[in-house]
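Structure assessment
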Amino acid sequence: MARRDSPEINAGSMADIAFLLLIFFLVTTTMDVDAGISRKLPEKQPENVDKPIVKERNVFEVIINRNDDLLIENEYYEVKDVKELAIAFIDNGGGKGNPIAAFNETDGTECSWCGGAKDPKSSDHPNKAVISLKTDRSTSYGMYIEVQNEIGAAYTFLRNRLAMDEYGVSYSDMVEEESRATSDPATMLKLTERIKIIKAKYPEIIAEISSN
Amino acid sequence: MSKFNKKKKGMAPINTASLPDIVFMLLFFFMVATTMRETTLLVKNKLPSATEIKKLEEKRLVMTIYVGAAVEDEGNKNGDKIQLNDKIAKVSDVRNFIYMSRKKVPEDEQSYMTTLIKGDQESSVGTINDIKKELREVNALKVTYATRPAAQ
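Note that the coordinates shown come from a computational prediction; the quantities given were computed from them, not determined experimentally. (Residues numbered from 1 in each chain as written. Chains lettered and ligands numbered in written order. Predicted model: local features only at pLDDT ≥ 70, side-chain atom pairs only at ≥ 80, totals over all residues.)

**Some details on the overall build of chain A**
Cut-off, in case you're wondering: For the purposes of this entry, the term helix denotes a DSSP run of H or I that reaches at least four residues, the term strand denotes a run of E that reaches at least two, and both are numbered from the N terminus. Each radius of gyration reported is based on C-alpha atoms, and the globular scaling rule is 2.2 Å times the count of residues to the power 0.38. Residue burial here comes from a neighbour count, namely the number of other C-beta atoms, placed from the backbone, that lie within 10 Å of the residue's own C-beta, with 20 or more meaning buried, 12 or fewer meaning exposed, and in between meaning partly exposed. Placing a C-beta atom from the backbone of each residue, one calls two residues in contact when those atoms lie within 7 Å.
Secondary structure assignment for chain A yields five helices and seven strands. The order of α-helices and β-strands along chain A, N terminus first, is α-β-β-β-β-β-α-β-α-α-α-β. Its C-alpha atoms give chain A a radius of gyration of 27 Å, more than 25% over the compact-globule value 17 Å for 212 residues. Seen along its three principal axes, the alpha-carbon backbone of chain A occupies a region of about 105 × 50 × 35 Å. Within the span of chain A, comprising 212 residues, buried residues form 25% of the whole. Taking the intrachain contacts of chain A between residues at least 6 apart in sequence as the baseline, contacts between residues at least 24 apart amount to 69%.

Here it is, written out as structure tokens:
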């Protein structure tokens, strides 16, 4: 039997269909990955809980008022000054800190990794240094985030410096490598351990107070 | 007018058989690299910029709360609005929203859930604090303030 020639299918409109789909996906989807400043909220406390006593020199008071003015330790400053002041405060190391559970410490020791001025009027130890951020209801969110960002930058700076001294890699790089999780399990475990140590040495302690 | 009637000769038609392939390739790229836009914004949402940012990789473990003035509110006269899913909601609805979002993920992953607060930079901290208070009530303590990367 003679084979019949099958008629050629016209594929000219294929491109049109594909374009239509392409445009549909371009319109309905987004490319951006959500990113932002991560914070952990304090747990809800019972009504009549004993308030922890914190020495005044261990508190770094940042106040933003309703006009977005910045008051740090009772003096006017600008947002760009926050980082430097916070670093000086956290890294001061003027006394003994709280015992660090991660290192099995029973007594508080002095901060051997701090490079601060050891001013007796400033903080004792990074794990005692509390940054108190007081805001008003009408403070703008943009300003609040800017200050939070600067405080975060201060901690990142200190952690980076410590990681650089101890392990020769910056803390940010270590965190990034951990999130990519491409190395073998043993290396990952070491990395997680190192990050934990750095975090224990410079814990992020931010207390937020909102006034009405 | 013979000029127009003249038949062109020797001009082979361009082969467009591979055009669909090219377009399909583009299509697949976009399908893989993007995510569906799941909500329409009802509030103004110009995010503040920051440098110390962390990316949120697991989309399904993120609960998003939008805060800002309503889109049709010229000059932000009526204050901040909170948007949950596809509608404007009250602060007291945040609890329910968190409970509902938690139901959608397996129990063992619920502790990894993060609340992403997408606040407009013009909105006030008071509104954000009200939300945070609600989040503390329902023990949703992991919070990320959405920002856009700062131009350095």
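Having seen the structure, we can now continue with the description.
**Here we look at the nonpolar core**
The following threshold applies: Put simply, a nonpolar core is a cluster of buried Ala, Val, Leu, Ile, Met, Phe, Trp, Tyr and Cys residues tied together by C-beta atoms within 7 Å.
Counting residues in each nonpolar core, the largest one holds 48 residues, and the members touching the most others are Ala86 of chain A together with Ile65 and Ile117 of chain B. Among the elements of the structure, β3 (59-64), α2 (79-90) and α3 (141-167) of chain A together with β4 (62-69), β5 (80-84), α3 (93-103), α4 (125-137) and β8 (142-146) of chain B are those that each provide at least two residues to this core. The biggest single contributor to this core is α3 of chain A, with 12 residues. When near neighbours in sequence (up to four residues on either side) are disregarded, isoleucine 117 of chain B contacts Ile65, Val67, Ile128, Ile131, Val143, Tyr145 and Ala146 of chain B.

**A word on unusual backbone geometry**
All names here are of chain A. Even without a glycine there, the phi angle at glutamate 73 is positive, about 45°. By secondary structure assignment, the location of glutamate 73 is in the loop between β4 (70-72) and β5 (75-77). Taking the number of C-beta atoms within 10 Å as the measure of exposure, glutamate 73 has 13 and is therefore partly exposed.

**Considerations on the pairing of strand β2 (residues 35-40) of chain A**
As a reminder of what qualifies: By the convention used here, strands pair only if DSSP detects at least 2 bridges between them.
Across two bridges, the pairing between β2 of chain A and strand β3 (residues 54-55) of chain B is antiparallel. If you follow glycine 36 of chain A over to β3 of chain B, its bridge partner there is lysine 54 of chain B.

Read these as layout, nothing more, since geometry by itself doesn't imply function.
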